[in-house]
Amino acid sequence: LPWTEDVSQLMAQRLSPWITQTLRRLGRRAEEMSLKAYVVGGFVRDLLLGKENQDLDIVIEGDALAFIKSWETDGCKVAVHERYKTGTIVFPGDKKVDVATARREFYEYPVALPKVAGDSLKHDLYRRDFTVNSMAISINRTSWGTLIDYFGGRRDLQSRQLRVLHNLSFVEDPTRVLRGLRLKQRLGFEFEDNTFRLIKSAVKGGLLGLLSGTRVKNELKLIFMEEKVYPIVLEMVRLNIFEALFSGIKVDRNCIRIVRRLSFFLRRLRYDLPDIEEDVWLAFLAAVIFSSADWVQHATLDKLHLSKSNREIVEKALDDLGTAENAIGGKGMRSYEEIYLFLRDAPYVTALFWAAATQQWRVRRRILLYLTRLHRVNPILMGRDLVELGYPKGPLIGKILEELLLARLRGEVETREDEIKWVKNNYPLYVLKKG
Ligand code: CTP
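Residues numbered from 1 in each chain as written. Predicted model: local features only at pLDDT ≥ 70, side-chain atom pairs only at ≥ 80, totals over all residues. Heavy atoms only, no water.

1. Details of the pattern of salt bridges
Worth spelling out the cut-off: By convention in these notes, a salt bridge is any Lys or Arg side-chain nitrogen within 4 Å of a carboxyl oxygen on Asp or Glu. Only DSSP runs of H or I reaching four residues or more are called helices, and only runs of E reaching two or more are called strands; each is numbered from the N terminus. Note on exposure labels: buried denotes an accessible area under 20% of the residue type's maximum, exposed denotes more than 50%, and partly exposed covers the range between, all computed with a 1.4 Å probe on protein chains only.
All chains considered together, the criterion is met by 26 salt bridges. Taking the shortest distance from any N to any O, the salt bridge between R410 and E337 comes out at 2.8 Å. With R410 in the loop between α22 (395–409) and α23 (416–426) and E337 in helix α18 (residues 336–343), the pair connects residues that are 73 residues apart, well separated along the chain. Judged by its relative accessible area of 35%, R410 falls in the partly exposed class. Its relative accessible area of 18% is what places E337 among the buried residues. For R416, the salt bridge goes to D385, with nearest N and O atoms at 3.6 Å. Of this pair, R416 sits in helix α23 while D385 sits in helix α21 (residues 383–388), placing them 31 residues apart in sequence. Residue classification places R416 among the partly exposed positions, given a relative accessible area of 35%. Judged by its relative accessible area of 11%, D385 is buried. Taken together, the salt bridges that share partners define one network made up of R155, D156, R163 and E192.

What follows is the structure, given as structure tokens:
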């Protein structure tokens, strides 16, 4: 059959032992229950591209709920959505596998009945975003490793193109415009001509404006956490995506410059920066709304329903740039202590944003110094060392350690012996005993 191919060799070569073993087990169980099971979507795409992907999406033809629940007796945790007939199996070691029932509800497109797999698989795959994401591999024992590619996904992987399955794809789900831009950059693909035309008309037609703030937030977050954010943002600007998402927004050259600097810092300083994995997207969000009017900034943040702490990070970034420049800018010397004392009250991501947004190179350099070095400075002595030296347990210990940290930033202490001497000099025990 023209749309099938044996990829079991490729699977044997490329998949990790855990993935192979898990797929085998899932397939065997499906066979026992007289169900057909497939691994689908991004996992298949990445396997064919030779990229690692640990996210298993399984589609079952038949009753996925019974299938999922059957794993409970195997030491797995399971969670199901009765209504959507989907769920998750969590294998020991916290490895999650998503399982769904092949669906044909919602949209009934006139798809010719297939011959190999049951027709619900074909319908399920037809509901997906791009051809390269709409392939499946059978994992049942008897048909292990059969790639099922109804829509030319293989061909499009070869010619490195993102192509929608039908002309209503973006109408059906406008987040696919954002997914497409992200995937295009990540994979280094191009949009097929008709798909690109459909994207432009989806944007012109205002479809992106119809999305809920939460869905927009989720997609933006994924974009802003990609490895190469800058080119995606550039393309979004070129296509007027931000204007379509947030009315009144103005993404100008300043915004783009900040995005570029952020990307640069994150790439060059990745191993020196504090852990900001989870929040780093907020700096990009701040960059994108940097040049917009106050009311647009607020409306945008309202729409996205940020958590309180996330919102504070972004608002502080935008509102206090000038304050930061005054506090640690200027031609005069700024001591490490001064830099530290100002920046320690700001979230790391906020400080990172200031470093990218400021026009003053001294401010930028000082913030980067803080983020790569100063924030990590700590005394050698610990609380229990001070107790051993005779200091009473309690708030005093915290105060001494804090002062010791600042003394270290001033360069007054270096070794452990220096610190002990410093503590004894500045907090003489006989004074304490008297007091
Ligand atoms: N999908 C879709 N339309 C969406 C979201 C998802 O058609 N708006 C489909 C795609 O076929 C995708 C699959 O659902 O492959 C699983 O979604 P997800 O796990 O988000 O995507 P992956 O491609 O697996 O992963 P990623 O985009 O993170 O690489």
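2. Some remarks on helix α16 (residues 308–319)
Keep this limit in mind: Expected helix span is computed as 1.5 Å times (number of residues minus one). This arc is built from the directions going out from the helix axis to the C-beta atoms. Any two residues whose heavy atoms approach within 4.5 Å are treated as being in contact.
Compared with an ideal rise of 1.5 Å per residue, which puts 12 residues at 16 Å, α16 spans 16 Å between its outermost C-alpha atoms and is within 8% of the ideal. Within α16, the full set of buried residues consists of N310, R311, I313, V314, A317 and L318. The buried residues of α16 occupy an angular sector of 155° when projected down its axis, which confines them to one face. Within α16, the exposed residues directed more than 90 degrees away from the buried face are K308 and D319. The elements touched by buried residues of α16 are α14 (280–289), α15 (294–304), α17 (321–328) and α19 (348–357).

3. Quick word on the sheet that holds strand β2 (residues 36–40)
What counts here: The criterion for strand pairing is that DSSP finds at least two bridges linking the strands in question. With axes taken as lines fitted to C-alpha atoms, and helix axes fitted only over the stretch in contact, angles between N-to-C directions fall between 0 and 180 degrees.
The mixed open sheet is built from eight strands, whose spatial order is β1-β8-β7-β2-β3-β6-β5-β4. The open sheet terminates on both sides in strands that have one partner only, identified here as β1 (4–6) and β4 (77–81). Averaged over all pairs of adjacent strands, the angle between strand axes in this sheet comes to 25°, irrespective of strand direction. Two strands pair when backbone bridges link them, and β2 and strand β3 (residues 56–61) are joined in this way by four bridges, in the antiparallel orientation.

4. Describing the packing of helix α13 (residues 253–268) against α19
Short version of the rule: Throughout, the term roughly parallel applies to angles under 35 degrees, roughly antiparallel to angles over 145, roughly perpendicular to angles from 65 to 115, and oblique to all others. We call a crossing left-handed when the near helix sits turned anticlockwise from the far one by less than a right angle, and right-handed when that turn is clockwise. Amino acids outside the nonpolar list (Ala, Val, Leu, Ile, Met, Phe, Trp, Tyr, Cys, Pro) and the charged list (Asp, Glu, Lys, Arg) are all regarded as polar, and Gly is one of them.
Close contact between α13 and α19 brings their axes to 8 Å; oriented N to C, the two are set at 120°. As judged from the angle between their axes, α13 and α19 are oblique. Handedness of the α13/α19 crossing: right-handed. Here R257, I258, R261, L262, F265 and L266 of α13 come into contact with α19, specifically with L352, F353, A355, A356 and A357. Partitioned by chemical class, the residues of the contact of α13 with α19 number nine nonpolar, no polar and two charged.

5. Here we look at the domain arrangement of the protein
The cut-off we apply is this: In this entry, domain limits derive from an automatic or database-based domain assignment. By definition, the buried area sums, over both parts, the 1.4 Å-probe accessible area that each loses when the two are put together. Pairing of N or O atoms within 3.5 Å defines a polar contact, subject to two protein rules: one partner must be a possible hydrogen donor and the other a possible acceptor, and residues neighboring in sequence count only if both atoms are side-chain atoms.
One can read the domain layout of the protein as domain 1 (4–159), domain 2 (169–319) and domain 3 (383–434). Placing the centre of domain 1 and that of domain 2 at their C-alpha centroids yields a distance of 31 Å. The partner domain 2 presents 11 residues to the 14 residues of domain 1 that form the contact. Summed over both partners, the interface of domain 1 with domain 2 buries about 940 Å², with 56% contributed by carbon and sulfur atoms. Our count for the contact surface shared by domain 1 and domain 2 stands at two residue pairs in polar contact (both at pLDDT 80 or more). Those elements giving two or more residues to the side of domain 1 that touches domain 2 turn out to be α3 (42–49) and α6 (153–158). Sorting elements by how many residues they give to the side of domain 1 that touches domain 2 places α3 first, with three residues.

6. Section: the side chain of S120
When you line up the elements, S120 lands in helix α5 (residues 119–126). Judged by its relative accessible area of 16%, S120 falls in the buried class. Other than its neighbours up to four places away in sequence, S120 contacts E61, A102 and R103.

7. Quick look at the site of the ligand
Which entries qualify depends on this criterion: Nearness is judged by heavy atoms alone; a residue qualifies as near a molecule or strand once a single heavy atom is within 4 Å of it. Note that accessible areas follow from Shrake-Rupley with a 1.4 Å probe, and for residues the cover is restricted to the protein chains shown.
Near the ligand there are 13 residues, and of these R45, D129, D173, R176 and R179 occur at the shortest range. Within the side chain of R182, one N or O atom sits 3.5 Å away from an oxygen atom of the ligand. Between the ligand and the protein, one listed contact pairs an oxygen atom with a side-chain N or O atom of R186 at 3.2 Å. With the chains in place, 73% of the 570 Å² that the ligand exposes on its own is no longer accessible. Residue assignment for the shell around the ligand shows that the elements contributing at least two residues are α3 and α8 (175–187). With five residues, the top contributor of residues to the shell around the ligand is α8. For the shell around the ligand, the residue count by class is no nonpolar, four polar and nine charged.

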